[in-house]
Amino acid sequence: MEKAVQLIKGGSSYEIHQKTGNKMEIWQVGFHDWTIRDVEDYRAKVRYIHMNPVQARLVERPEDWPFGSSGGKFSLDDVPEKFKS
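Below or above, wherever it landed, is the structure these notes cover. Nothing here was measured: the structure is a model prediction, and the numbers come from that model.

1. Description of the overall build of the chain
Looking only at helices and strands, one finds two helices and zero strands in the chain. A compact globule built from 85 residues would reach a C-alpha radius of gyration of about 12 Å, whereas the chain, at 16 Å, exceeds it by more than 25%. Relative to its 85 residues, the chain shows a buried fraction of 14%. A sequence separation of at least 24 residues applies to 26% of the contacts in the chain between residues at least 6 apart. Of the roughly 7500 Å² of accessible surface on the chain, 55% is carried by carbon and sulfur atoms. When the 13 positive and 13 negative side-chain charges of the chain are each reduced to one mean point, those points stand 3 Å apart.

Written as structure tokens, this is what we have:
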């Protein structure tokens, strides 16, 4: 997984820098994969992901972010059975 993320980050950074001529940092340094332990941990991760564009002040509400999963515009995988309540 770590190698795949490294390739995605490196490739997309290279493309963005080539197209924009800008050398700004695109990705935060490092990558950590996490094991989700239980249903509350799963919900916390979903909230965190949904709130990222709000925290970055890109939108006021998570559902307003056009690239996110909280707006209902994308078909998502089902929640794993062990995390349904």
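What follows picks up the thread again.
2. Observations concerning helix H2 (residues 39–55)
Note that an α-helix has 3.6 residues per turn; residues three or four places apart therefore point the same way. For H2, built from 17 residues, the straight-helix expectation of 24 Å at 1.5 Å per residue is met to within 8% by its first-to-last C-alpha distance of 23 Å. Those residues of H2 not exposed but buried are Asp41, Tyr42, Pro53 and Val54. The distance from a side-chain oxygen at the start of H2 to the backbone nitrogen of Glu40 is 3.2 Å, and the residue carrying that oxygen is Asp38. Phi turns positive, to about 60°, at Arg57, one or two residues after H2.

3. Thoughts on the pattern of salt bridges
Overall, the coordinates contain eight salt bridges when judged by the stated rule. In this structure, Asp41 engages Lys45 in a salt bridge whose closest nitrogen and oxygen atoms are separated by 2.8 Å. Linking Asp41 with Lys45, this pair stays in helix H2, spanning four residues, or about one helical turn. Among the residues examined, Asp41 registers a relative accessible area of 8% and is labelled buried. Take Lys45: its relative accessible area is 28%, and that puts it in the partly exposed class.

Rules of the game
Residues numbered from 1 in each chain as written. Predicted model: local features only at pLDDT ≥ 70, side-chain atom pairs only at ≥ 80, totals over all residues. Heavy atoms only, no water. Helix = DSSP H or I, 4+ residues; strand = E, 2+ residues; numbered from the N terminus. Rg over C-alpha atoms; globule rule 2.2 N^0.38 Å. Buried < 20%, exposed > 50% of the residue type's maximum accessible area, 1.4 Å probe, protein only. Contact = heavy atoms within 4.5 Å. Areas by Shrake-Rupley, 256 points an atom, 1.4 Å probe, with all protein chains shown as cover. Lys, Arg positive; Asp, Glu negative; His and termini not counted. Charge placed at Lys NZ, Arg CZ, Asp CG, Glu CD. Expected span 1.5 Å × (residues − 1). Polar contact = N/O pair within 3.5 Å; in protein donor to acceptor, adjacent residues only side chain to side chain. Salt bridge = Lys/Arg side-chain N within 4 Å of Asp/Glu carboxyl O.

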